[in-house]
Amino acid sequence: MTITQIDTNVHELVKNFNQATFVYDFMTAFGFPKATIARLKKGTMNMSKEVGETLIKKKFWLKELTAGELETKMKTIKKQEKIKHDPRFVILTDYTTILAYDTKTKESLDTTLKELTKEYAFFLPLAGMEKTRYLDENPADVKAAEKMAKLFDEIKKQNPTNTTEAVHQLNVFLSRLLFCFFSEDTQIFTDNQFTNAIAAHTQEDGSDLSDYLTDLFDVLNQAKRPKGLAKHFAAFPYVNGGLFQEKYPVPSFSKRARKLMIECGGDLDWSAINPDIFGSMIQAVVTPEHRGGLGMHYTSVPNIMKVIEPLFLDDLYGAFKKSFNSATKLKRLHLRLTKLKIFDPACGSGNFLIIAYKEIRKLEVSIFRQLAALGERQTIFFSSISLAQFYGIELDDFAHEVASLSLWLAEHQMNTLFLKEFGQTAATLPLKEGGKIVHGNACRLDWEKVCPKKEGDEIYILGNPPYLGGKLQSKEQKEDTKLVFQGFKKYNNIDYIGCWFLKAAEFLEDFIIAAFVSTNSISQGTQVFDFWRPILTETNVEIGFAVKDFVWNNNAKNKAKVICSIIGIREKSNKSKFIYKDEHKIQVKNINGYLLDAPDVYVGRRTKSLSEFPKMIQGNIALDNGHLQLTPEERRDMIKVYKKSDSLIRRIYGSKELINSIERYCLWITDESLELAESIKPISDKISKVKEIRLKGATNAKSCADRPHQFCMVNTANDTQIVLPRVSSIKREYIPMKFLDKSSIVSDAAQVILDAELYIFGILNSKIHMSWVRNLAGKLKNDFRYSAGICWNSFPFPKITDTQKEELETHVYAVLEQRELHSEKTLAQLYDPDKMPDGLRAAHHELDLAVERCYRKEPFTSDEERLAYLFKLYEKMIAEEANALEKEKAGKKSRKKKAK
């Protein structure tokens, strides 16, 4: 049951409302089996014996009431600790108003029967589509980030960071400062001890603040204090030699910088800060080259939860729920927590490790609380979760130090929680051994030496490794991929993050699962064939869950937004698989390399169409450094002076020109018109410049240096041409494309099919083709990158009759006629999803249905259904193609034998 089907069903339910059959229609809408509904009608399924009530165990309790009773009854139900037979939803209705309550998420719905078509998503768990909920951003983190950014902007005015060493020193100072702010608000120091000391013992103009902090940091590193030490220094506790051991110069301060520092300490409650803010703070001050080069995307808590919940936290809480009333089972679960190992092989400043640590400690608190409720009061509750269970690898030396520091702070936060809850906890100072964070290159280290596998361990690998497409990788990163991908036929275009997935796949065992955040490009285009196909078909690895395309935000200043997916891999098993999309968790049969619930079919780039379509090629390649190109103004001026030049100028279309009706022109000179061209001085000069450029260029440019009056690669039509952009917005329902006559020139920024039959335009403009493109095409940010090899040549389409072709052409004409009615609009305006003219939309809809009738008689109800059909057809056509080739080879062999 897909969301599209449910949407259709609910609209039908409301449109044909029947009070007597409402409950059965409601169940049908959400995909309840017909047998279940039949049993309910017979009276064997209803757990309630009350008139006007339907109670299906663990599903829903529907109760009919009068309008005045609804709210009072719902308030009473919400106060109940437990509802008999554990219905997921409580639904109260007078058949005009519907009040509903989700007993799991504690969410409520207040709507009318007519508005149910807009609110049906509330009940999607009844169809197996679980709603997912993530934590909101912590406003304290954001506020602290802004305050600290202002402080460091001010500090940097007096303290240039022109060298790597200077940046490192500033970051070390930052980490120490953050520790002090955190400590004075969390009882590591006394309240406001650090801020008050600065205010009381340094000059207002900031001139001596650097010296004061230098002395203070020395004191914090001393377990044994010298005699005669000033009281305001002696009052600070010994922290740990590791944190303040190295001597680095403290920056100089202005009056304003000192004032901002005091405000950071006094105005903010650092006890509310998540330790992951450390990473965000660092990102705010490191140089852009440093940040981009290492792929450091520091992550917010809600996004981290999107990884750790499906990876292990949901499972642990499921075990907790099952163990709730058994002290023995709860103790066994607690022992399991002590065997967990969390490993981030690209840990940065430790964001994922920190949040994972805190969430495991929170579960430990819940276990201890329930043990106490079950009478286990003789138990002394001290945490058994150790920072030594947390492992990481980080290439940047400073970031790996910060990860350890952040874990210490997280430990203190959780110890404080324990103290409030149980009246006892371990002491924070002096700081103990932190997480096992290794400084090094994760692509070259042996992961098992970093995170050893031991019997009884349960290991979860996670993180947000550097993405970096093949063309953006540095020389060293290219060497990393070459080392990791030994044995792969193709790896040069695989994203850098592929190294982490492959090393994790090699590390997996039945007690080890991995999940990484990745740009969605790793599951698109040729990367699926080159990367996922060998992993998922030649090893014992499968995708266990996937969180599909979403914007990956973080708390950092000047944060970058990228479209990401989260992919969880494990050894092959019979365990359930889930795809998370928007706010829903959907159980599926299989997850293939495209992150689709579809067969394990992998579409490779093809040079010849699988469906015997006409060839799609690149437009004309100029290699002219712009000298053969003209603006409208340049064209007008040239024709004004040299009237005969008009015959040498053509309009040229690339993606932007096509979509936005932008005028651009080019010189189009045949060998026959060359004499005329050279008689026009401005054109002759341009030809000379093109020759000069090509002679100095690469091999492909030199190959056409002897004909500088022409584009280097020429592809022109005899009659007509279908032109479509190589890059187009993913928001559009259809890729804007156009029929052009032979006089127009297409640049290499667009794709073209020369002299194609009209029905081909209909196939390209169909919803089913767009389903294929949407899921297989590569992406440029959030735009399609249409590739002939993947999107067109591999698109499976059945052989059709001339009658069917004529039908498609009729609908193509209807689409073109609707466009003509709005000829003043650009393709971008016509295909704006929110402003598309109704007539054009209707014409496309009829074309969609006609194209889909080429596949089967009944229309498809969703993209998921279209894709499942296309993958099966692709698999069948590939097999038929292979069989035909085998027969052809056998025939050739037989003929050779006979000839002999």
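Scroll up for the structure.
Rules used in this analysis
Residues numbered from 1 in each chain as written. Predicted model: local features only at pLDDT ≥ 70, side-chain atom pairs only at ≥ 80, totals over all residues. Heavy atoms only, no water. Helix = DSSP H or I, 4+ residues; strand = E, 2+ residues; numbered from the N terminus. Buried < 20%, exposed > 50% of the residue type's maximum accessible area, 1.4 Å probe, protein only. Contact = heavy atoms within 4.5 Å. Areas by Shrake-Rupley, 256 points an atom, 1.4 Å probe, with all protein chains shown as cover. Lys, Arg positive; Asp, Glu negative; His and termini not counted. Charge placed at Lys NZ, Arg CZ, Asp CG, Glu CD. Pairing = 2+ DSSP bridges. Axes fitted to C-alpha atoms, helices over the stretch in contact; angles between N-to-C directions. Core = buried A, V, L, I, M, F, W, Y, C linked by side-chain atoms within 4.5 Å. Parallel < 35°, antiparallel > 145°, perpendicular 65-115°, else oblique. Left-handed = near helix turned anticlockwise from the far one by under 90°. Nonpolar A, V, L, I, M, F, W, Y, C, P; charged D, E, K, R; others polar. Salt bridge = Lys/Arg side-chain N within 4 Å of Asp/Glu carboxyl O. Polar contact = N/O pair within 3.5 Å; in protein donor to acceptor, adjacent residues only side chain to side chain. Expected span 1.5 Å × (residues − 1). Arc of directions from axis to C-beta. Disulfide = S-S within 2.5 Å. Phe/Tyr/Trp six-rings, centres within 6.5 Å; stacked < 30°, edge-to-face > 60°.

Draft legend 1. Fine view of the overall build of the chain. Per the secondary structure count, the chain includes 34 helices and 26 strands. Residue burial in the chain is summarised as follows: out of 900 residues, 54% are buried. Contacts in the chain between residues at least 24 apart in sequence constitute 71% of all its contacts with a sequence separation of at least 6. Accessible area for the chain stands at about 42,500 Å²; split by element, carbon and sulfur atoms hold 50% of it. In the chain, 131 positive and 118 negative side-chain charges are present, and the distance between their average locations comes to 4 Å.

Draft legend 2. Broad picture of the sheet that holds strand β20 (residues 720–725). Taken together, 4 strands build an open sheet; the order of strands is β16-β24-β20-β22 and the sheet is antiparallel. What marks the edges here is a single partner per strand, and that holds for β16 (616–618) and β22 (738–741). Taken pair by pair, the neighbouring strands of this sheet meet at an average axis angle of 35°, ignoring direction. Of the strand pairs in this sheet, β20 and strand β24 (residues 750–754) are connected by 5 bridges, and their pairing is antiparallel. Bridge pairing in β24 places V723 opposite V752.

Draft legend 3. Highlighting the nonpolar core. Core analysis: the largest hydrophobic core is formed by 210 residues, its most contacted members being L213, W532 and I569. In terms of residue count, the dominant contributor to this core is helix α17 (residues 351–373) (13 residues). Residues in contact with W532, not counting those within four places in the same chain, are F501, I522, S523, Q527, T537, I543, I567, I569, G593 and Y602. Counting 31 residues, the second largest nonpolar core, distinct from the first, contains V10, L13, V14 and A29.

Draft legend 4. A look at the packing of helix α20 (residues 475–484) against helix α21 (residues 498–507). The interhelical angle for the contact between α20 and α21, taken along N-to-C directions, is 25°, at an axis separation of 10 Å. Judged on the interaxial angle alone, α21 and α20 are roughly parallel. Crossing of α20 over α21 shows left-handed handedness. Contact residues: D480, T481 and V484 in α20; C499, L502 and K503 in α21. By residue class, the composition of the contact of α20 with α21 is 3 nonpolar, 1 polar and 2 charged.

Draft legend 5. Looking closely at the environment of K893. Tracing the backbone through its elements, the reader meets K893 in helix α34 (residues 863–899). Classification of K893 as exposed rests on a relative accessible area of 59%. Distance in space between the C-alpha atoms of K893 and P302 is 63 Å, their sequence separation being 591 residues.

Draft legend 6. Quick look at helix α29 (residues 767–776). Where burial is concerned, most of α29 is hidden: 8 out of the 10 residues are buried. I768, H769, M770, S771, W772, V773, N775 and L776 are the residues of α29 that are buried.

Draft legend 7. Region of interest: the side chain of D344. When you line up the elements, D344 lands in strand β7 (residues 340–344). At 14 Å, K503 is the nearest oppositely charged side chain to D344, a buried residue that forms no salt bridge. Here C347 takes part through its backbone nitrogen, which lies 3.5 Å from a polar atom of the side chain of D344. With residues near it in sequence (within four places) discarded, D344 still touches F352, L353, Y391, G392, I393, L462 and G463.

Draft legend 8. Local environment of the sheet that holds strand β3 (residues 89–93). Across the sheet, 5 strands lie side by side as β1-β2-β3-β4-β5; this open sheet has mixed pairing. Of all the strands in the sheet, the pair left with one neighbour each is β1 (53–56) and β5 (108–112). Averaged over all adjacent pairs, the angle separating strand axes in this sheet is 10°, with direction ignored. When strand β4 (residues 97–102) meets β5, the two strands line up antiparallel, connected through 5 bridges. Across the sheet, I98 pairs through a bridge with T111, a residue of β5.

Draft legend 9. Here's a closer look at helix α31 (residues 802–820). Here α31 is 19 residues long and its end C-alpha atoms lie 27 Å apart, about the 27 Å a rise of 1.5 Å per residue gives. When α31 is considered as a whole, its buried residues turn out to be K805, L808, H811, V812, V815 and R819. Each buried residue of α31 sits inside an arc of 125° when the element is viewed along its axis, so together they form one side. Exposed and facing more than 90 degrees away from the buried side of α31 are D802, T803, E806, T810, E817 and E820. In the core, the buried residues of α31 are packed alongside β22, α28 (758–764), α32 (827–830) and α33 (838–853).

Draft legend 10. Just the state of the cysteines, in detail. Applying the stated criterion to the full structure yields 1 disulfide. Here C443 stays free of any disulfide, with the sulfur of C499 as its closest cysteine sulfur at 4.2 Å. Accessibility expressed as a relative area gives 2% for C443, which makes it buried. We classify C499 as buried; its relative accessible area is 0%.

Draft legend 11. Focus on the packing of aromatic side chains. In this structure the tally under the stated criterion is 54 aromatic pairs. Here the aromatic rings of F17 and F22 are separated by 6.1 Å at their centres, their planes lie at 65°, and the arrangement is edge-to-face. Judged by its relative accessible area of 31%, F17 is partly exposed. Measuring from ring centre to ring centre gives 5.1 Å for F312 and Y460, while their planes differ by 35°; the resulting arrangement is tilted. Of the two residues, F312 is situated in helix α15 (residues 301–322) and Y460 in strand β10 (residues 458–463); the sequence distance between them amounts to 148 residues.

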